[in-house]
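A structural walkthrough
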Amino acid sequence: MKTETENVQLRTSNREVDYRKLIGILLSRWYLLVGSVLAGLLIAYVYLWFTPKTYATSGVLKFVEKNAEISDLVTVISSAGHSPANLQSEKFIIQSRDLLLSAIRRLDYNISYYISGRVKDFELYPQQPFEISVLKFDSLDYYQDVIAFKSIGKQTFELTWNVSGNKNQKTFSYNMPVAIGNVHFTVSPPRTINPDAIYLFRFNTPEVLLNRVIGGLSTIEPVKNSNILRIQQTDSNPKFAADVLNAIMNEYLEYDKNQKTKSATQMISFINEQQANLSSAVRSSENSLERFKKKSGVMDVNASANVALTKVSDLESQRSILKIQLIAIHQLKKQIATDADNVSLNLNLEGNVDPLLGTLIGSLNSLLRDKNILLKTYNSTAEPVDQINQQIEQVKNAALQNINASYQRIKKNINYLEGMLADMNQQVAALPATQKNMISLHRDFEINEKVYSFLSEKKLEAQINSSAILPGASVIEQAQVNNTPVSPNENKIYRSAIIFGLLAGISTIVLIRVLNPYIYDKASVESVTTVPIIGVMTKFPEKIDEDNSQIFASSKPRSIFAESVRAIRTNLSFLA
């Protein structure tokens, strides 16, 4: 008994999968395999037909790591470069709500046109099958659903729209005012249009298109720690994706240029304010000098007095310029203290300020921009906003310390010049009264003129630099229309349908085989029992009569059935 059990276990452990038999079973049910594959392909086809195709396009921006060439504006626009550290900030700016809304307005896509199909509608952008002129439009309250258009003839057309679930259908004449909700418009006669087709149109606002643009916009760094940024836009319309992405990149360049120009404009405004205060003083001192010359008959000062005049006027001019720089320092300190959105030093301090101040101002402006962007997404008490507030306070404290040091440095220079002026004034006081008065008038005129000339020179430099300002980035790859869909992937879906169809067919055949109670061959019996098989009786080839007399071997002694019966009888004899 033990030996027999071991033989059965050995036979069972050595039994391998009969692949030829398995393939034969599958081929015997080939119609199930073919049917399941065809069903999978049909399901994939229907899915692809109903699923909107998505197209992707991309553009590349290169950020220029470059500062202004004019030294006076180094501290003003020191954040012109775009290092990898603040590339993340530029990503937030590109994806900010305000910039995207401006880009959508640049696109000027106020009306969407569609053509109605049997199963789904197709957007016609950028085509316009007929022209609509808006007469009145309330962007806060307008009809936002689609309106169906059907041409009736050369003079009339039919519009269909829904209001509160009720269908409205009316006939209108071309070029006549139409009012639907708070929208009033006219429709011009179409030039070429399919008279049997039904067209749809919808009124848009930038806010309505914003979610569509945001949902498909993404930014990618092709290479880490580089100044290259790839921007990608996905949409169901490839032309719209390319146009809106180009509009976003152009709007960003314009925004970046305006931010730089704002600092230069602020400097020019400051200089204009100082010049306005000096212009009247220059004219007054010039008139006083001319009147004195005519009254006294003295046309000029002598040589010794001229030397004193030159020294005094130079010292006074330097002191006046330093006082203007103190005003600029004070304004910068006020901007930082009042939490201004953009901080800039309105005048070059010509060595009286630490170069680090320009870097601190650039960092502060960058952090302020990042904070404004975060506030559009988070509350003022959110953790990201709190973290950036801490960074802003640190930079502010460092900048204020630097400003106070610069203020003390300028005050020290002013005190030094005032000491030298006191000595020169004593020399002037020893001159004759006429010469002394002449020097006083000359001094006032030359001081005001030199300071005015200094400001005019700085204003001219600022204007030249403002006109030469370029964006801190350039488009090195425009977005192109890509008519190859990225989703859904047809080849992948069809491949998956074939694979799942085959698996479903094989699983069905295996399940049928497992649930089938019939025994098909000798191997099936041997696999489930240890009883030896003494023979296999084949199927009787003919119809059996009621008495079963035909099944005797004597009726057909040479048939296969008869031979199988004899084999079983012989084996039974040997067993006995």
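Note that the structure is predicted; figures quoted are calculated from it, not measured.

As for the overall build of the protein chain
Secondary structure summary: the protein chain contains 14 helices and 14 strands in total. By residue count, 38% of the 576 residues in the protein chain fall in the buried class. Within the protein chain, counting contacts between residues at least 6 apart in sequence, those at least 24 apart form 73% of the total. Surface summary for the protein chain: the accessible area is close to 33900 Å², and the carbon and sulfur share equals 54%.

Comments concerning the packing of aromatic side chains
Summed over the entire model, instances satisfying the criterion amount to 17 aromatic pairs. Centre to centre, the rings of F63 and Y252 are 6.0 Å apart; their planes meet at 80°, and the pair counts as edge-to-face. Highlighted residues: F63 in strand 1 (residues 54–63) and Y252 in helix 7 (residues 238–296), separated in sequence by 189 residues. Judged on exposure class, the residue F63 and its partner Y252 are both buried. Through successive ring pairs, a cluster of aromatic residues spans Y113, F130, F137, Y142, F149, F157, F172, Y174, F185, Y199, F201 and F203.

Side note on the confidence of the model for the protein chain
Taken residue by residue, the protein chain gives an average pLDDT of 76. The fraction at 70 or more is 73%. Averaged pLDDT values over the elements of the protein chain bottom out at 48 in helix 1 (residues 2–14) and peak at 93 in strand 10 (residues 199–203). Confidence over residues 10–15 falls short of pLDDT 50; this stretch has three contacts with residues more than four positions distant or in other chains. Taken together, the stretch residues 66–85 has pLDDT below 50 and engages in 52 contacts with residues farther than four places along the chain or on a different chain.

Overview of helix 5 (residues 97–107)
Since the α-helix advances by 3.6 residues per turn, residues separated by three or four positions end up pointing in the same direction. Along helix 5, the residues classified as buried are L99, L100, L101, A103, I104 and L107. D108 sits one or two positions beyond helix 5 and adopts a positive phi of about 55°.

As for the sheet that holds strand 4 (residues 132–136)
Spatially, three strands are ordered 4-9-8 in an open sheet, and the strand pairing comes out antiparallel. Two strands close off the open sheet at either side, each with one partner strand: strand 4 and strand 8 (178–180). Neighbour-to-neighbour, the strand axes of this sheet turn through a mean angle of 35°, independent of strand direction.

Thoughts on the sheet that holds strand 6 (residues 156–163)
The strand order across the open sheet formed by six strands is 3-2-10-5-6-7, and the pairing between neighbours is antiparallel. With partners counted over all chains shown, the strands left at the sheet margins are strand 3 (121–123) and strand 7 (166–173), one partner each. Here the strands of the sheet are splayed against their neighbours by 30° on average, with no regard to which way each runs. In this structure, strand 6 lies alongside strand 7, joined through eight bridges in antiparallel fashion. The residue of strand 7 that forms the bridge with F157 is F172.

Observations concerning the pairing of strand 10
Burial of strand 10 is extensive: four of the five residues sit out of reach of the surface. For strand 2 (residues 111–116) and strand 10, the ladder comprises five bridges, and the chain directions are antiparallel. Residue I115 lies in a different strand from strand 10, and its bridge partner there is Y199. Where strand 5 (residues 147–151) meets strand 10, three bridges bridge the pair, whose relative direction is antiparallel. The residue bridging I147 from the neighbouring strand is F201, located in strand 10.

What to know about the packing of helix 4 (residues 87–94) against helix 9 (residues 356–375)
Two elements in contact, helix 4 and helix 9, have axes separated by 10 Å at closest approach and are oriented at 40°. On the basis of the axis angle, helix 4 is oblique to helix 9. Crossing hand, helix 4 versus helix 9: left-handed. Counted together, S89, F92 and I93 of helix 4 and S366, R369, D370 and I373 of helix 9 form the full contact between these two elements. Of the residues that constitute the contact of helix 4 with helix 9, the class distribution is three nonpolar, two polar and two charged.

So, the nonpolar core
Counting 31 residues, the largest nonpolar core has L61, I231, I248 and Y252 as its most contacted members. At the level of elements, strand 1, helix 4, helix 5, helix 6 (206–216), strand 12 (228–235) and helix 7 are the ones that each hand at least two residues to this core. A total of nine residues in this core trace back to one element, the largest contributor, which is helix 7. Beyond its immediate stretch of four places on either side in the chain, L61 contacts I94, N227, I228, L229, I231, M249, Y252, L253, S474 and V475.

Things to note about the side chain of T205
Positionally, T205 belongs in the loop between strand 10 and helix 6. Residue classification places T205 among the buried residues on the basis of a relative accessible area of 6%. Apart from residues lying up to four places away in sequence, T205 is in contact with F137, S139 and Y142.

Section: the environment of L140
Its location among the elements puts L140 in the loop between strand 4 and strand 5. With 42 residues separating them along the chain, L140 and N182 place their C-alpha atoms 9.7 Å apart.

Quick notes on the rules
- Residues numbered from 1 in each chain as written.
- Predicted model: local features only at pLDDT ≥ 70, side-chain atom pairs only at ≥ 80, totals over all residues.
- Heavy atoms only, no water.
- Helix = DSSP H or I, 4+ residues; strand = E, 2+ residues; numbered from the N terminus.
- Buried < 20%, exposed > 50% of the residue type's maximum accessible area, 1.4 Å probe, protein only.
- Contact = heavy atoms within 4.5 Å.
- Areas by Shrake-Rupley, 256 points an atom, 1.4 Å probe, with all protein chains shown as cover.
- Phe/Tyr/Trp six-rings, centres within 6.5 Å; stacked < 30°, edge-to-face > 60°.
- pLDDT = per-residue confidence, 0-100.
- Pairing = 2+ DSSP bridges.
- Axes fitted to C-alpha atoms, helices over the stretch in contact; angles between N-to-C directions.
- Parallel < 35°, antiparallel > 145°, perpendicular 65-115°, else oblique.
- Left-handed = near helix turned anticlockwise from the far one by under 90°.
- Nonpolar A, V, L, I, M, F, W, Y, C, P; charged D, E, K, R; others polar.
- Core = buried A, V, L, I, M, F, W, Y, C linked by side-chain atoms within 4.5 Å.

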